[in-house]
Amino acid sequence: MPSIEIKHLLNYNRLSDSTGDLFTLLIYSPLGSVLFLVRLSLLLVAYLLSIILPKVAYVQHFLHRLLTIVFGIVVQVDNPDKCEDVETYISNKVSSFDATVINFLTNSISPGLKFNPLISSILGFKDFGSTTNIEDLRKSIEKVLGGSKIPLLFQPESSATNGKGLLKFNISPFILYSKVQPITITVHRPVLNAAISTISSDYWSDVFWYMFVPCTIYKIKFLPAVEKKSVSDGEFCDRIRQNIGNDLNIELTNFVANELKEFKKRHHIELQRANLVQRPFSTPTVNPELHQMTLQVREVLPLVPYNVVYKDLAKTRSVDITITNILEGIVEYTPEQPKQSTSITSNNKMTEPSSSTSGNSSCSSLSRTPLNTAAAVFAKSPQERTLSFQERKKLLIENARRKYIEKHGLNIVGS
């Protein structure tokens, strides 16, 4: 039974809530802002150079180095002499720039990053299309490489984590290649220990923090290359995953990238629901179930503002409990002004709307009378309040019954 849950594989805040981290951020912010602006200028220069300069290897290498400076990336390799001449490398995934670092060290290219072709090329990315369909991937590799011996880097986790666990690997690279070299990646930031990414962050917000913090240190380690030999593709995949997990001393989880994405979506929805009760309400973002319950409460207590009712229902999830909270004064509110049901004629006289059906004049007359179920006074004892509530509830039901009869043109004796 795995001890790590999927929620433990993601960071939820960029910085911890400790006083020390917040104080460091406050002191560092002026320097970080200047550093960001300088790096942003260099990024624009790199982009212009990528357009102007010829697309040759040494230029691409220079621009790659310039971009690592722009993003403040510092690379530490434990054993550079252990890098072997293989067709493909396999690594864990902890950030959007893992592949950029390894591509620089090994002169490899990686599938992914459907971005500006010039920037993608400098960072060492190529668009191989789908990486799940084996035949399509094989054809794409042959087309991109064109017979050249450029090695490939795959990150079969497919989704970045915080490095506390290893996701299940996509088996595709292990079907295509019989010999791979595993690589482990760990990342940390000195001085300002900001998380590489969070559950709510996007690509550009992560890039901002790369350019804002002093530096981001990547520690790379090459593990011994492994050959498939007589084992199956699945066993080959599991063996590489086990080697990477053992070196990083992290747990091998049973989660896949799609489960991580779904968890992020659910977390985002829950955040929206939580924030809903703390901001002005708008129908498109209101929970449909709570919206209907709010309308039920306001039928009994029409002078209580919608947002007050909704906020209490978000806590109680019960119409009866919310009504009781309002009647007993637990929920405080400012009563809304009742809406006028009369209209002003051209002679400036207040007149009632005329009935549209003469056969139901008695029902129409009743429906034209504004129904106010609010208590005239707030009773002192719970017994009196309960009785008042039951009387108003009965009145509400009777009024709804009359409106139903009028709407459907029914002629019920004794109504």
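Overview of the structure. (Residues numbered from 1 in each chain as written. Predicted model: local features only at pLDDT ≥ 70, side-chain atom pairs only at ≥ 80, totals over all residues. Heavy atoms only, no water.)

Observations regarding the overall build of the protein chain
In step 1: The secondary structure content of the protein chain amounts to 14 helices and 12 strands.
In step 2: Expressed as a percentage of contacts within the protein chain between residues at least 6 apart in sequence, the contacts between residues at least 24 apart total 72%.
In step 3: For the protein chain, the accessible surface area stands at approximately 24,100 Å², while carbon and sulfur atoms represent 56% of it. (Helix = DSSP H or I, 4+ residues; strand = E, 2+ residues; numbered from the N terminus. Contact = heavy atoms within 4.5 Å. Areas by Shrake-Rupley, 256 points an atom, 1.4 Å probe, with all protein chains shown as cover.)

Things to note about the side chain of Gln-181
In step 1: Here Gln-181 shows up in strand E7 (residues 179-188).
In step 2: A polar atom in the side chain of Gln-181 sits 2.7 Å from the backbone oxygen of Lys-82.
In step 3: Among the polar contacts listed, one links the side chain of Gln-181 to the backbone oxygen of Leu-223, at a separation of 3.0 Å.
In step 4: With near-sequence residues (within four places) excluded, Gln-181 lies in contact with Lys-82, Cys-83, Glu-84, Val-86, Thr-88, Tyr-89, Ile-90, Phe-222, Leu-223 and Ala-225. (Polar contact = N/O pair within 3.5 Å; in protein donor to acceptor, adjacent residues only side chain to side chain.)

Re the pairing of strand E2 (residues 88-91)
In step 1: Residues Thr-88 and Ile-90 point to one face of E2 and Tyr-89 and Ser-91 to the other, with burial holding for every one of them.
In step 2: Where E2 lies against strand E5 (residues 152-154), three bridges are found, and the strand directions are parallel. What sits directly across from Thr-88, in E5, is Leu-152.
In step 3: For E2 and E7, the ladder comprises four bridges, and the chain directions are parallel. (Buried < 20%, exposed > 50% of the residue type's maximum accessible area, 1.4 Å probe, protein only. Pairing = 2+ DSSP bridges.)

A closer look at helix H2 (residues 57-70)
In step 1: Compared with an ideal rise of 1.5 Å per residue, which puts 14 residues at 20 Å, H2 spans 20 Å between its outermost C-alpha atoms and is within 8% of the ideal.
In step 2: Taken together, the buried positions of H2 are occupied by Val-59, Gln-60, Leu-63, His-64, Leu-66, Leu-67, Thr-68 and Val-70. (Expected span 1.5 Å × (residues − 1).)

Looking at the pattern of salt bridges
In step 1: With the rule as written, the count across this model stands at six salt bridges.
In step 2: Close ionic contact of Arg-14 with Asp-206 constitutes a salt bridge, the shortest N to O distance being 3.0 Å. Separated by 192 residues along the polypeptide, Arg-14 in the segment before helix H1 (19-52) and Asp-206 in helix H7 (residues 203-212) bring together distant segments of the chain. No difference in accessibility class separates Arg-14 from Asp-206, as the two residues are buried.
In step 3: Of the charged contacts, one joins Arg-138 and Glu-135 as a salt bridge, the two residues approaching to 3.9 Å between their closest N and O atoms. Of this pair, Arg-138 and Glu-135 both sit in helix H5 (residues 134-145), separated by three residues, roughly a single helical turn.
In step 4: Relative accessible area serves as the criterion here: at 32%, Arg-138 is assigned to the partly exposed category. (Salt bridge = Lys/Arg side-chain N within 4 Å of Asp/Glu carboxyl O.)

Overview of a nonpolar patch on the surface
In step 1: Together, Val-34, Val-38, Leu-42 and Ile-69 give the surface a local cluster of nonpolar side chains, amounting to about 320 Å² of exposed area.
In step 2: With three residues, H1 is the largest single contributor of residues to the nonpolar patch.
In step 3: With respect to the secondary-structure elements, Val-34 resides in helix H1. (Patch = residues over 30% accessible without salt bridge, like charges linked within 9 Å, V, L, I, M, F, W, Y side chains within 5 Å.)

Details of the pairing of E7
Moving residue by residue along a regular strand, the side chains alternate between the two faces of the sheet.
In step 1: Two elements, E7 and strand E9 (residues 226-227), share two bridges in a ladder whose sense is antiparallel. Bridge pairing links Lys-179 to Glu-227 in E9.

Describing the nonpolar core
In step 1: Counting 26 residues, the largest nonpolar core has Phe-71, Ile-73, Phe-97, Tyr-210, Tyr-218 and Ile-220 as its most contacted members.
In step 2: Secondary-structure elements contributing two or more residues to this core are H1, H2, helix H3 (98-106), E7, H7 and strand E8 (216-222).
In step 3: Setting aside chain neighbours within four positions, we find Tyr-218 in contact with Ile-73, Val-74, Val-75, Gln-76, Ser-95, Phe-97, Asp-98, Val-101, Ile-185, Thr-186, Val-187 and Tyr-210.
In step 4: Listed in part, the 23 residues of the second largest apolar core include Phe-128, Ile-134, Leu-145 and Tyr-177. (Core = buried A, V, L, I, M, F, W, Y, C linked by side-chain atoms within 4.5 Å.)

With respect to the packing of H1 against H7
In step 1: Interaxial distance between H1 and H7 falls to 7 Å at its minimum, and their mutual angle equals 105°. One finds that H1 runs roughly perpendicular with respect to H7. The segment H1 lies against H7, with Leu-25, Tyr-28, Ser-29, Gly-32, Ser-33, Leu-35, Phe-36, Arg-39, Leu-40 and Leu-43 engaging Phe-208, Trp-209, Tyr-210, Met-211 and Phe-212.
In step 2: Considered class by class, the residues forming the contact of H1 with H7 number 11 nonpolar, three polar and one charged. (Axes fitted to C-alpha atoms, helices over the stretch in contact; angles between N-to-C directions. Parallel < 35°, antiparallel > 145°, perpendicular 65-115°, else oblique. Nonpolar A, V, L, I, M, F, W, Y, C, P; charged D, E, K, R; others polar.)

Just geometry here; none of it tells us what the structure is for.
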